[in-house]
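Now for the letters of each chain:
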Amino acid sequence: MAGVQSEPITVTTAYHVAPGRESEFRSWAMAVLGAAARVPGYLGGGVLAPGEVGSEWHVIHRFDSAGATAAWEESAARTRLASYGNQLARETGHRRIRGLRAWFEGPPEAAPPSPPRPPPKWKLWFVNMGAVFPPVLLFNLTVIPYLGALHSLVRTLILCLSVTAIVTWVLMPRLQRFLKKWLYPPLQAFRGRHKRRAA
C-alpha cells in the first residue's frame, strides 16, 4: 500500500480564457507554476496553449504523492493566485491521475463533433430535379422524336439508360460540389475550423 500511495500524481486543469486576456493568463499560469514549484514533492509542470482562438488552455502539475498534491491545493499561495485567475479565465475541467501514464499523455481532448445530419428531403428533391429535368427535356426534344418507330418499352429504356448515366457521372457530382455548402452547412463549418487549426 505504501508503494501505491507514493505514486506520482498529475493534475490537469482546463481553462476558458476571456478573449483578449491570453497574454495575462499565460503570465498568471507561469506564476502558478512558480508557486507550486516551492511545494515539497513538486516534480514539474507546464502550460499548454490551445491550437486556435477560443479553445481551452491547460495548466499541468505533477507531484510525487497525494500529500504533496493536497499541500499545494490547500496552500494560501494557490488560493490567492486562483482568486486573480478567476478574473482572467473560467475553469472548465479538473483531472487528477495517479501513476506515470498521464505524464506521457496530453490533456483530454474534446469529444469529436457528431457527424452532420443528412440534408432535408426537400433539398435532396431539389437537387435531384435539377439533375434529372434537363437531360429528360433534352432527350424528349432531340432524340425521342427520331425513335418513334421503336416500341415504347425500348424508347423508355433508352431514355432511362441515357438519363441515369448523364445524371450519375456528369450532373449529380457537379451539383453536389456546387451546392455542398447549402446541403451540409454544419460540415462546412467544421471543415473551416479544422483548416484554421491546421494553419
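Above this text sits the structure in question.
Definitions and cut-offs
Residues numbered from 1 in each chain as written. Predicted model: local features only at pLDDT ≥ 70, side-chain atom pairs only at ≥ 80, totals over all residues. Heavy atoms only, no water. Helix = DSSP H or I, 4+ residues; strand = E, 2+ residues; numbered from the N terminus. Axes fitted to C-alpha atoms, helices over the stretch in contact; angles between N-to-C directions. Parallel < 35°, antiparallel > 145°, perpendicular 65-115°, else oblique. Contact = heavy atoms within 4.5 Å. Nonpolar A, V, L, I, M, F, W, Y, C, P; charged D, E, K, R; others polar. Polar contact = N/O pair within 3.5 Å; in protein donor to acceptor, adjacent residues only side chain to side chain. Phe/Tyr/Trp six-rings, centres within 6.5 Å; stacked < 30°, edge-to-face > 60°. Buried < 20%, exposed > 50% of the residue type's maximum accessible area, 1.4 Å probe, protein only. Salt bridge = Lys/Arg side-chain N within 4 Å of Asp/Glu carboxyl O. Left-handed = near helix turned anticlockwise from the far one by under 90°.

**A few points about the overall build of the protein**
Scanning the protein from terminus to terminus reveals eight helices and four strands. N-terminal to C-terminal, the α/β element order of the protein is α-β-α-β-β-α-α-β-α-α-α-α.

**Describing the packing of helix H2 (residues 22-36) against helix H4 (residues 76-85)**
Relative to each other, H2 and H4 sit at 175°, their axes nearing to 10 Å. One element, H2, and the other, H4, form an angle in the roughly antiparallel class. When H2 is examined against H4, the residues Glu24, Trp28, Ala31, Val32 and Ala35 are found in contact with a partner set consisting of Ala77, Leu81, Ala82, Tyr84 and Gly85. Its residues assigned to classes, the contact of H2 with H4 comprises eight nonpolar, one polar and one charged.

**Structural notes on the side chain of serine 75**
One can find serine 75 in the loop between helix H3 (66-73) and H4. Of note is the side chain of serine 75, whose polar atom sits 2.7 Å from the backbone oxygen of tryptophan 72.

**Some words on the packing of aromatic side chains**
Across all of its chains, the model carries seven aromatic pairs by this definition. Ring centres 5.6 Å apart and planes at 85° place the aromatic pair tyrosine 15 and tryptophan 28 in the edge-to-face group. One end of the pair, tyrosine 15, is in strand E1 (residues 9-17); the other, tryptophan 28, is in helix H2, with 13 residues separating them in the sequence. Residue tyrosine 15 shares its accessibility class with tryptophan 28, and that shared class is buried. Aromatic side chains phenylalanine 25 and tryptophan 28 sit 5.3 Å apart centroid to centroid with 40° between the ring planes, which places their arrangement in the tilted category. Of this pair, phenylalanine 25 and tryptophan 28 are both found in helix H2, three residues apart, which corresponds to roughly one turn of the helix. One exposure class covers both phenylalanine 25 and tryptophan 28, and it is buried.

**Concerning the pattern of salt bridges**
Scanning all chains against the criterion turns up two salt bridges. Glutamate 24 is the partner of arginine 21 in a salt bridge, and the nearest nitrogen-oxygen pair spans 3.0 Å. In this structure arginine 21 comes out as partly exposed when scored by relative accessible area, which is 26%. By relative accessible area, which is 34% here, glutamate 24 ends up partly exposed.

**Things to note about the environment of alanine 18**
Following the sequence through the fold, alanine 18 ends up in the loop between E1 and H2. C-alpha of alanine 18 to C-alpha of glutamine 87: the two residues are 69 residues apart in sequence and 8.4 Å apart in space. Not counting the four nearest positions on each side in its chain, alanine 18 is found in contact with Leu88 and Ala89.

**Digging into the packing of helix H5 (residues 121-142) against helix H6 (residues 152-178)**
Interhelical geometry of H5 versus H6 gives an angle of 135° and a closest axis separation of 9 Å. Classified by the angle between their axes, H5 and H6 sit oblique to one another. For the crossing formed where H5 meets H6, the hand is right-handed. The segment H5 lies against H6, with Val127, Asn128, Gly130, Ala131, Val132, Pro135, Val136 and Phe139 engaging Leu159, Ser162, Val163, Ile166, Val167, Leu171, Met172 and Leu175. Here the contact of H5 with H6 is built from residues that sort into 13 nonpolar, three polar and no charged.

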